[in-house]
Amino acid sequence: MFKLLGIILGLLIVVLAAAWLKLRGPDIPYETLEKKYTDSASRFVDLNGGFRVHYQDVGNSTLPLLVLLHGFGDSYTSWEGWVPSLKEKFHIISLDFPGHGLTRAPEGYQLSGDGLADLVDAFAAQLELPKFAVAGNSMGGGVAWHLAVRHPRRINALILVDAAGFPNEKPPGEIPLAFKILRYRIGRAILRNIDNRPLIDEGLKTDVYDKTLITPAIVDRWAEFQRAPGHRAILMSVDPSAFGGASAAVLHNVNLPTLILHGESDVLIEPASAGKFAAAIPGAKVLIYQHVGHLPQIEIPQRSATDVAEFLEAAR
């Protein structure tokens, strides 16, 4: 009996070890990632505090400036569908947040709406940017409205795309497995050391209405960026409540042309959130897209970019 148990235990250890070896994902050096993912539009700027921020700079610098802020786990590539439609009318800067894309951050950095808004302010100051319109998706939307509250002198228009800020009125219908695992300390510890491709694939397909939009190339890119040194530690230590705090009292002084875009089929941030932002921000315009999930800039890039262009041209 004990011999059989020993054999079973030994086999289990072998299976677990094989699974660990298959899943473990060591860091990918920044130099390797930069060689693969930078192009002629890539720029880097060093900020106080040990940040080396990567951003893409596209279009004529004499045109009105539009700054794009991505969501959690994403990168500047989230906006690739918008750039071709907007670059003839706007100077476009899309940056990578700390712990994302090709941006380097100091060890122990904690993501938060306030902190990232201050980082965008410092980024704008370092580059001596003129006033700009800012658009943000999900976490990036939370950063955008925090920027409007904390540094209103920086921006002249606000675009919230399925933005974080208000709590859901009821639990989401679907929660990506990665977010479930992040609730637990041991889960976060495991995710810091493995290649998260399967979880990224499942999570992104939960985010969108049309699952076929999530290609292996997109998943690979997300996974490789997350394996940049230090990125997984930052991502796995996130506190989702650090991007909340939206309320009428906080937002009522936002005196900017504001456009709110939201997918009707978003299972992460319910569409009712768009109405709450509109009620809190005087004069805000709302567009709800049918058969669109959490990522309109990826799901309907041309349509959503056209809506943004028309809004900004009218605002000017």
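The shown structure was predicted, so the numbers you read here are calculated from the model rather than taken from an experiment.

So, on to the confidence of the model for the protein chain. Per-residue pLDDT for the protein chain averages 89, and the proportion of residues at 70 or more is 86%. Taken together, the stretch residues 2-22 has pLDDT below 50 and engages in 2 contacts with residues farther than four places along the chain or on a different chain.

Turning next to the layout of surface pockets. Considering only enclosed or pocket space, the second largest pocket measures out at about 220 Å³ in volume. Top contributing element to the lining of the second largest pocket by residue count: helix H10 (residues 231-236), with 3 residues.

Counted according to the given criterion, the structure contains 6 aromatic pairs. Ring centres of Tyr 37 and Phe 225 lie 4.6 Å apart, and the angle between their planes is 50 degrees; on these two criteria the pair is classed as tilted. Taken as a pair, Tyr 37 in helix H2 (residues 30-37) and Phe 225 in helix H9 (residues 216-226) lie far apart in primary sequence, 188 residues in all. Across the pair, Phe 225 and Tyr 37 agree in class, each one buried. Between Tyr 55 and Phe 123, the ring centres sit 5.1 Å apart and the planes meet at 85 degrees, which makes this aromatic pair edge-to-face. Of this pair, Tyr 55 sits in strand S2 (residues 51-58) while Phe 123 sits in helix H4 (residues 113-127), and the two are 68 residues apart along the sequence. Take Tyr 55: its relative accessible area is 8%, and that puts it in the buried class. Judged by relative accessible area, which is 1%, Phe 123 ranks as buried. Positioned above the aromatic ring of Phe 44 is the side chain of Arg 52, whose terminal nitrogen or guanidinium carbon lies 4.1 Å from the ring centre.

So, about the pairing of strand S1 (residues 42-47). For S1 and S2, the ladder comprises 6 bridges, and the chain directions are antiparallel. Each bridged residue has a counterpart across the sheet, and for Val 45 the counterpart in S2 is Val 53. What sits between S1 and S2 in their antiparallel hairpin is a turn of 3 residues, with Gly 49 showing a positive phi close to 100 degrees.

So, on to the pairing of strand S4 (residues 91-95). Among the 5 residues that make up S4, 5 are buried, leaving the element largely enclosed by the rest of the structure. Alternating positions in S4 separate into two faces, His 91, Ile 93 and Leu 95 on one and Ile 92 and Ser 94 on the other, with burial throughout. Across 4 bridges, the pairing between S2 and S4 is antiparallel. Note on S4: the bridge partner recorded for Val 58 is Ile 92. Examined bridge by bridge, strand S3 (residues 65-69) and S4 share 5 bridges and lie parallel to one another. Looking across to S4, one finds that Leu 65 is bridged to His 91.

What counts, and where the lines are drawn
Residues numbered from 1 in each chain as written. Predicted model: local features only at pLDDT ≥ 70, side-chain atom pairs only at ≥ 80, totals over all residues. Heavy atoms only, no water. pLDDT = per-residue confidence, 0-100. Contact = heavy atoms within 4.5 Å. 1 Å grid on protein atoms, 1.4 Å probe; cavity = no way out; pocket = protein on both sides within 12 Å on 5 of 7 lines; lining within 4 Å. Points joined across faces, edges and corners; volume = space filled by probe spheres on them. Helix = DSSP H or I, 4+ residues; strand = E, 2+ residues; numbered from the N terminus. Phe/Tyr/Trp six-rings, centres within 6.5 Å; stacked < 30°, edge-to-face > 60°. Buried < 20%, exposed > 50% of the residue type's maximum accessible area, 1.4 Å probe, protein only. Lys NZ or Arg CZ within 6 Å of the ring centre and 35° of its normal. Pairing = 2+ DSSP bridges.

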